[in-house]
Amino acid sequence: MRFRLPRLGRRLLPIVCTLSALGLSGPAAADAPHIFWASDPVKPGQTVQVSGMGLAAVEKVEVARLIDHAEDSTSSRPEPEQAEVLAKSDRSLSFILPKHFAPGVFSVTLRSEDTTSSFQLNAPDIYWAQGDRGPAATPGGWLRLSGRNMAVTDRAVAKLTGEDAKEIRLNVADPDIWSASFPIPDEAPAGSYRVHLWNGAGDASAWRDVGTIEIEPGPQTERPVMELFSNQPDSADHDDTARINAAMGALHKRGGGTLLLHYGIYRLTGTLEIPEGVVLKGESNDLVTLIWKDTETPPGALIEGVRDFSVEDMTINAFRHFDIIKGGFDPLSGKASGRNVAVRRVIVRASSFLGRMTDEDAARRLQAMRGHRQSGVVGLLLGGSNIVVEDCDILSSMRPFLLMGPKGARLTGNTFRTGRRGWYSISGPDGVLFENNRIIGTDLQASGGGINTLEGYVSARNVLIRNNRFETMYGNDREAMTSDGPGGYYSGPLAAVLDRSVRIDPAGPGVLKDRNWEGAGLFVVKGQGLGLVARIVKKAGDVLDLDRDISGLAENGSIVSILPMQENYLIVGNHFEDVGQIQIYGAGYKHVFADNTALRSTGFGATSLYYKHLQPNFYIQFLSNEVTGPAFQHAARIDIAGRQFKDNDTLLAFGTVIRENRLRAAATIRVDGRSATAPAIRNVLIEQNEITRTDIGIDIGQGVDELTLRDNVMSDVRIPVRQPIRKPDQMVGGP
């Protein structure tokens, strides 16, 4: 059918473009279709993208809305209705969820000649669980469940089953589709619990297993308090370092407690070393100020502890400095193995550039800080389990914070001010809640930051970045939020596929081959099993044990990329202003960007490429974001880039959804795989977006296979859709 561009202001009707991706097709599965992923959350009247195997054989798609009853799976369900199929291939299928259905959880059945396969839409997909004590929770605390479709109504319930089979039912505090909190009763017994979630919609079949959570006894409430007073009158010659350290040491010998600093100025020259079990606390951050003496050789950290300590209610002032507060690192190995580190209501004002100085003086001071830590000195350098940073205001000469290996971390209500050549970093996380913070560039060389596998980490996963403000970032690449992690372990064919393991060709290792492989991601990028993802749990020679059975799905000869895993990022409800890109750069799996706003930014994006290794991204969704105004030098974009590279014929990006976004002015949606002969991007849905006041609405480059455009609305757009010339027999559907 002829492809026609719609007139300005007209709704774009369904267009499904299918190109033959060389080397990507394979024989349809002889048994029932296998489902790897289906796009949700999804509303009635919207398109569902499915990836898997054997989908070309599907003859009919039937959908039924489940009744909303958590304990009922026996009542007769409504008769399923046939859904309209937009397109299908062996590896992907697109259909429309019937418009007249009410929102809820849906059962989908794929029927072929002799077999059926079923799955659910809008049921919970739990990325991770986190408690008020990081990986654990306490009586009177809370349990947070994060992922997709967590609590769609206020009827959502989390059910905890103890080892004695007794149940505790937790009602949701507030409905939240991405991350829902469930208060734990004060009387909940300590112990290990199995957790299941019902999100408030669907029947008993819509419960999902979350895993286990430990409820630990609450914190000890009666602990000794030691009081310390400032020297009066204040003098720059005072040095309170020794007496504060001695007081904290005495508390530690008594089993821990709080050192309360009364109002005034405390003068210091060395490191305050906080022992295990000790809280260093001021009366309030406007009454207690710690001032470090200016010196050419400042201590490596002004305040340092390893585990079970906190710093609260004080202001810290420093001139020339290295790291300000450091916690959670083993003193011998340097590994982030600590736990229970908290920084609350602390103000940091640290600048190595105070006073009049020449350009040469400023350069020497910057070089000294980079000599201490090449990536830049840090306001908060924290690692390990159960990190809490609340209601702080942090300004350092370079970087505001660096989290290393955080597990069950929570940063809320803070202001982070980035200094010269500074950037924030969350490296190697597994469970981070980063909410209601403000990150501001306070130097024109200040950049943004992001989530990564730098510092030698094999994975970065399970991060919620929600309701934050990112402002004024003009340094380096200006990336307000980016993923990062160059290199990989292996790229090439599978030599054998067993039950829960595979064997690789010893000739294909990548630049990270000599590092730890446990936790790395395996992406099938060509051949049977395309779109399949697994994690490495053990390596023994050329044999890799996996976290799931992929036998019968992938096969000998399937091409895979094994690399540091980055999965399950939820970037939700943030505001970005005067910044660069908000993006996935390199590997990514099941990330979501939703309900964000961006003003004078480069926009949102996902880039798959060769980054010292083949780095694909699968199943990335951009939902209900708003982009207004151009970037610093060009129009803003929602940009899906597959940077196909020389001699490569595998896919780089698979299963991308761009839905219900609003592009208000000088902004466009762009998808580009850069190659007409070896498509890099496949299975893209662009649906129900509003695009106004720009030159090009949707810009499609080369190398994009299986593209669906549907129900997009444009006004004051000079070219609604621009894409390469395609042969008539490559087009399916259209107005």
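Everything numeric in this text was worked out from a predicted model, so none of it was measured.

Chemist: Honestly, the sheet that holds strand β7 (residues 84-88) in this entry has me stumped. Any pointers?
Modeler: In any sheet, the strands associate via hydrogen bonds between backbone groups, in a parallel or an antiparallel arrangement. Taking strand neighbours across the sheet as the criterion, the four strands line up as β3-β4-β8-β7 in an open arrangement whose pairing is antiparallel. Of all strands in the sheet, those with a lone pairing partner are β3 (34-38) and β7, marking the two edges. Between one strand and the next, the sheet's axes are offset by a mean angle of 30 degrees, whatever the strand orientation. Of the strand pairs in this sheet, β7 and strand β8 (residues 92-96) are connected by four bridges, and their pairing is antiparallel. Its bridge partner lying in β8, Glu 84 is registered against Ile 96.

Chemist: Honestly, unusual backbone geometry in this entry has me stumped. Any pointers?
Modeler: Glycine aside, negative phi is the norm for most residues, and most peptide bonds take the trans geometry. Between Asp 40 and Pro 41 the backbone carries a cis peptide bond, its omega angle lying at 10 degrees. With respect to the helices and strands, the residue Pro 41 is situated in the loop between β3 and β4 (47-53). Cis rather than trans, the peptide bond between Gln 232 and Pro 233 has omega equal to -5 degrees. You will see that Arg 600, though not glycine, has its phi angle at about 50 degrees, which is positive. Positionally, Arg 600 belongs in the loop between β51 (597-599) and β52 (603-610). Classification of Arg 600 as partly exposed rests on a relative accessible area of 37%. A positive phi angle is found at Tyr 619, which is not glycine, with a value near 65 degrees. Residue placement: Tyr 619 occurs in the loop between β54 (617-618) and β55 (621-623). Tyr 619 gets classed as buried once you look at its relative accessible area, which sits at 2%.

Chemist: Sorry, what's going on with the pairing of strand β17 (residues 191-198) here?
Modeler: In the case of a regular strand, side chains alternate between the two sheet surfaces. By the bridge criterion, six bridges tie strand β14 (residues 157-162) to β17 in an arrangement that is antiparallel. Along β17, the bridge assignment pairs Ala 158 with Leu 197. Note: β17 against strand β18 (residues 208-215), seven bridges, orientation antiparallel. Its bridge partner being in β18, Val 195 is matched across the sheet by Gly 211.

Chemist: Could you clarify how one ought to interpret the nonpolar core in this entry?
Modeler: In globular proteins that are soluble, nonpolar side chains generally tend to be buried together. Counting 140 residues, the largest nonpolar core has Phe 401, Ile 562, Phe 576 and Ile 686 as its most contacted members. Contact partners of Ile 562, with chain neighbours within four places excluded, come to Gly 488, Tyr 489, Tyr 490, Ile 504, Trp 517, Ala 520, Gly 521, Leu 522, Ile 536, Leu 544 and His 613. In terms of nonpolar packing, the next biggest core, distinct from the first, is built from 22 residues, Leu 143, Leu 170, Val 172 and Tyr 193 among them.

Chemist: Would you mind showing me how to read the packing of aromatic side chains here?
Modeler: One pair of aromatic rings is described through two measures. These are the centre distance and the angle between the planes. Evaluated as defined, the whole model comprises 21 aromatic pairs. When the ring of Phe 401 is compared with that of Phe 416, the centres are 4.6 Å apart and the planes differ by 50 degrees; the resulting orientation is tilted. Here Phe 401, found in strand β31 (residues 399-412), pairs with Phe 416, found in strand β32 (residues 415-418); they are 15 residues apart in sequence, far enough to count as distant. Pairwise contacts between aromatic rings join Phe 401, Phe 416, Tyr 424, Phe 434, Phe 470, Phe 576, Phe 593, Phe 604 and Phe 622 into one cluster. The ring centre of Trp 423 lies 3.8 Å from the NZ or CZ of Arg 399, which sits over that ring.

Chemist: Teacher, can you tell me more about the pattern of salt bridges here?
Modeler: Between side chains of opposite charge, a pair can form when the charged atoms approach closely. This model, assessed by the stated rule, comprises 50 salt bridges. Between Arg 144 and Glu 435 there is a salt bridge, with its nearest N and O atoms 3.0 Å apart. Here Arg 144 is found in strand β13 (residues 142-148), whereas its partner Glu 435 is found in strand β34 (residues 430-435), with 291 residues between them in sequence. For Glu 435, a relative accessible area of 7% corresponds to the buried category. Each of Lys 281, Glu 312, Asp 313, Arg 344, Arg 345, Glu 390 and Arg 410 takes part in one network of salt bridges that share partners.

Chemist: Is there a simple way to think about helix α1 (residues 241-253) in this case?
Modeler: Helical periodicity: at 3.6 residues per turn, an α-helix aligns residues three or four positions apart in one direction. Spanning 13 residues, α1 covers 19 Å between terminal C-alpha atoms, matching the ideal 18 Å at 1.5 Å per step. Where α1 is buried, its residues meet β19 (225-228), β20 (257-261), β21 (264-268), β22 (272-274) and β23 (278-282). Gly 255, located one to two residues past α1, shows a positive phi value of around 95 degrees.

Chemist: Any chance you could explain the confidence of the model for the chain here in plain terms?
Modeler: Detailed conclusions should not be drawn from predicted coordinates in areas where pLDDT is low. Scored by pLDDT, the chain comes out at a mean of 92, with 94% of its residues at no less than 70. The low-confidence segment residues 1-30, where pLDDT is below 50, has 90 contacts with residues more than four positions distant or belonging to other chains. Across residues 727-735, where pLDDT falls below 50, the model places 24 contacts with residues more than four positions away in sequence or in other chains.

Chemist: Please explain the pairing of strand β44 (residues 543-546) as it appears in this structure.
Modeler: A one-sided burial pattern is seen for β44, the buried positions being Leu 544 and Leu 546 and the unburied ones Val 543 and Asp 545. As paired strands, strand β41 (residues 501-504) and β44 are joined by three bridges and run antiparallel to one another. Opposite Val 502, over in β44, you have Leu 544 as the bridge partner. Sheet analysis places strand β43 (residues 533-540) next to β44, joined by four bridges and oriented antiparallel. Along β44, the bridge assignment pairs Ala 540 with Val 543.

Chemist: Which parts of the structure should I look at to understand the sheet that holds strand β42 (residues 521-526)?
Modeler: With antiparallel pairing, the six strands of this closed barrel are ordered in space as β40-β41-β44-β43-β42-β45. For this sheet the average axis-to-axis angle between neighbouring strands, irrespective of direction, equals 45 degrees. Sheet analysis places β42 next to strand β45 (residues 559-563), joined by five bridges and oriented antiparallel. Paired with Gly 521 across the strands is Leu 563, a residue of β45.

About the criteria used
The residue numbering used here restarts from 1 in each chain and proceeds along that chain's sequence as written. The model is predicted, so local features are restricted to residues of pLDDT at least 70 and side-chain atom pairs to those at 80 or more, both for listing and for counting; the totals for chains, interfaces and linings are taken over all residues. Side-chain measures were taken over the full set of non-hydrogen atoms in the model, leaving aside hydrogen atoms and water. In this description, strands pair whenever DSSP reports at least two bridges between them. Numbering of helices and strands runs from the N terminus; a helix is a DSSP stretch of H or I covering at least four residues, while a strand is a stretch of E covering at least two. Between the N-to-C directions of two axes lies an angle of 0 to 180 degrees, each axis being a line fitted to C-alpha atoms and, for a helix, fitted only over the stretch in contact. A 1.4 Å probe rolled over the protein chains alone gives each residue an accessible area, and that area as a share of the maximum for its type sets the label: buried under 20%, exposed over 50%, partly exposed in between. The criterion is simple. A nonpolar core is a set of buried Ala, Val, Leu, Ile, Met, Phe, Trp, Tyr and Cys residues joined through side-chain atoms within 4.5 Å. Only heavy atoms matter for contacts: two residues are in contact if any of them lie within 4.5 Å across the pair. Each Phe, Tyr or Trp ring (for Trp, its six-membered ring) is paired with any other whose centre lies within 6.5 Å, and the angle between the two planes then decides the class: stacked below 30 degrees, edge-to-face above 60, tilted in between. Whether a charge lies above a ring is judged from NZ of Lys or CZ of Arg, which has to be within 6 Å of the ring centre and within 35 degrees of the ring normal. Think of a salt bridge as a Lys or Arg side-chain nitrogen and an Asp or Glu carboxyl oxygen that are within 4 Å of each other. Here a helix's expected span is defined as the number of its residues, less one, multiplied by 1.5 Å. pLDDT runs from 0 to 100 and stands for how confident the predictor is about each residue.

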